[in-house]
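Report on the structure
Given next are the chains, with one letter for each unit.
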Amino acid sequence: MYKKPTLSIITVCLNEPLLQRTCESIVNQTFQNFEWIVIDGGSNEATLNIFERYKYRINYFVSESDGGIYFGMNKGIQQAHGTWLNFMNAGDLFINYNILNIINYKLKKIKKIDILYGNYIVGDSNIIIPAPKPNKDNFYFKNFCHQCSFVRNKILKKYKFDTQFKICADWDLWNKLFFRGYMFRHIDLGIARFYENGMSHINKKDVFKEISYIRKKYYTKNDILKLKENQIQNLRKMINNR
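Figured I'd write up the structure that's included with this text. (Residues numbered from 1 in each chain as written. Predicted model: local features only at pLDDT ≥ 70, side-chain atom pairs only at ≥ 80, totals over all residues. Heavy atoms only, no water.)

1. Structural notes on the overall build of the protein
Put simply, the rule reads: Working definition: helices are DSSP H or I runs of at least four residues, strands are E runs of at least two. Numbering for both runs from the N terminus. For the radius of gyration, the atom set is restricted to C-alpha positions; the globular benchmark scales as 2.2 Å times the number of residues to the power 0.38. Think of it in three bands: with a 1.4 Å probe and only protein chains considered, a residue is buried below 20% of the maximum accessible area for its type, exposed above 50%, and partly exposed in between. For this analysis, residues touch if any pair of their heavy atoms sits within 4.5 Å. Using the Shrake-Rupley algorithm and a 1.4 Å probe, accessible areas are obtained, with residue cover drawn only from the displayed protein chains.
Scanning the protein from N- to C-terminus turns up nine helices and nine strands. For the protein, whose C-alpha radius of gyration is 18 Å, the value lies close to the compact-globule estimate of 18 Å for 242 residues. Overall size of the protein, expressed as C-alpha extent along the three principal axes, is 55 × 40 × 35 Å. Within the protein, the fraction of its 242 residues that count as buried is 48%. In the protein, 79% of the contacts between residues at least 6 apart in sequence involve partners at least 24 apart. For the protein, the accessible area works out to roughly 12800 Å², and carbon and sulfur atoms hold 52% of it.

2. Brief notes about the packing of aromatic side chains
Definition in use: Working definition: a ring pair exists when centres of Phe, Tyr or Trp rings (six-membered ring for Trp) sit within 6.5 Å. Plane angles under 30 degrees give stacked, over 60 give edge-to-face, the rest tilted.
Here the structure, examined in full by the defined rule, presents 20 aromatic pairs. Aromatic pair Phe 87 and Phe 161: ring centres 5.3 Å apart, planes at 80°, arrangement edge-to-face. Of this pair, Phe 87 sits in strand β4 (residues 84–87) while Phe 161 sits in the loop between α6 (153–159) and α7 (169–179), and the two are 74 residues apart along the sequence. When its relative accessible area of 0% is taken as the criterion, Phe 87 is described as buried. Ring centres of Phe 144 and Trp 174 lie 4.7 Å apart, and the angle between their planes is 15°; on these two criteria the pair is classed as stacked. Of this pair, Phe 144 sits in the loop between α5 (136–141) and β8 (149–152) while Trp 174 sits in helix α7, placing them 30 residues apart in sequence.

3. Thoughts on the side chain of Gln 29
Note the threshold: Two N or O atoms form a polar contact when they lie within 3.5 Å of each other; inside protein one atom must be a possible hydrogen donor and the other a possible acceptor, and for residues adjacent in sequence the pair counts only when both atoms belong to side chains.
Along the chain, Gln 29 falls in the loop between α1 (19–27) and β2 (34–40). Here Leu 100 takes part through its backbone nitrogen, which lies 3.1 Å from a polar atom of the side chain of Gln 29. The contacts of Gln 29, once residues within four sequence positions are left out, are Phe 34, Phe 94, Asn 96, Tyr 97, Asn 98, Ile 99 and Leu 100.

4. What about the pattern of salt bridges?
Note the following rule: Any Lys or Arg side-chain nitrogen located within 4 Å of an Asp or Glu carboxyl oxygen qualifies as a salt bridge.
Following the criterion strictly, the structure yields eight salt bridges and no others. Ionic pairing is found between Glu 52 and Lys 55, a salt bridge with its closest N-O pair at 2.8 Å.

5. Considering the packing of α7 against helix α8 (residues 204–218)
Definition in use: Axis lines are fitted through C-alpha atoms, for helices just across the contact stretch, and the angle between N-to-C directions can take any value from 0 to 180 degrees. Throughout, the term roughly parallel applies to angles under 35 degrees, roughly antiparallel to angles over 145, roughly perpendicular to angles from 65 to 115, and oblique to all others. Gly is put with the polar residues, along with every residue not named as nonpolar or charged; the nonpolar set is Ala, Val, Leu, Ile, Met, Phe, Trp, Tyr, Cys and Pro, and the charged set is Asp, Glu, Lys and Arg.
Axis separation between α7 and α8 bottoms out at 10 Å; the angle between their running directions is 10°. Classified by the angle between their axes, α7 and α8 sit roughly parallel to one another. In this structure, α7 uses Trp 171, Asp 172, Asn 175, Lys 176 and Phe 179 to contact α8, whose residues at the interface are Ile 211, Ile 214, Arg 215, Lys 217 and Tyr 218. Per-class residue counts for the contact of α7 with α8 are five nonpolar, one polar and four charged.

Encoded structure:
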């Protein structure tokens with residue numbers, strides 16, 4: 001009898017030289033009740049050879065050109081059967097081999113939740129960066145990475161990522177779900193390590209344009225004024241308390 005997996009881990013890739021660390025991070029997890037979906041954008045032979053080494057653990061694999069990272073992530077969503085979805089794209093990795101075991105425990109323990117997410121590390125540093133807690137102020141100013149998030153399958157099947165965004169479709173999705181009343185839960189736990197070699201850290205002007213558009217899309221002018229006033233007041237409090 002078919003048993004539905006708890007998690008679907010979706011990996012999107014295109015010629016990532018550090019792919020092997022991502023694969024090792026996934027296949028060596030102590031928790032193994034997940035399916036692994038790989039959406040490759042038409043990589044070179046060297047990259048495909050790495051995936052070949054891990055085909056014993058890959059549940060779904062396709063290699064074909066597409067419109068970019070969010071097109072690939074949406075294709076992965078379409079193939080996913082797990083109750084919860086995570087996006088661990090090529091080059092990035094889970095913080096340790098036991099993290100999915102901890103996440104599984106959290107998902108079972110916490111009730112009334114649609115999106116669970118945690119903290120992250122950038123690059124090879126040892127500094128864990130706290131993700132923003134789920135409220136309007138924080139989601140206006142800060143994003144959290146999809147590598148450290150676990151989202152209900154049925155929600156992503158309904159909404160997916162808006163591919164008009166080339167860089168910030170995840171930020172757009174979190175705001176969309178937040179304003180539609182879905183339940184976010186932040187856990188103070190390092191989950192993933194991601195590297196600043198992607199498009200979002202190269203095209204800074206494009207990042208700013210997309211963020212500006214997203215903010216105008218979900219926040220009124222009055223919202224923005226109040227949020228900025230709150231930020232100034234908080235900065236003043238910090239300075240006065242020093």
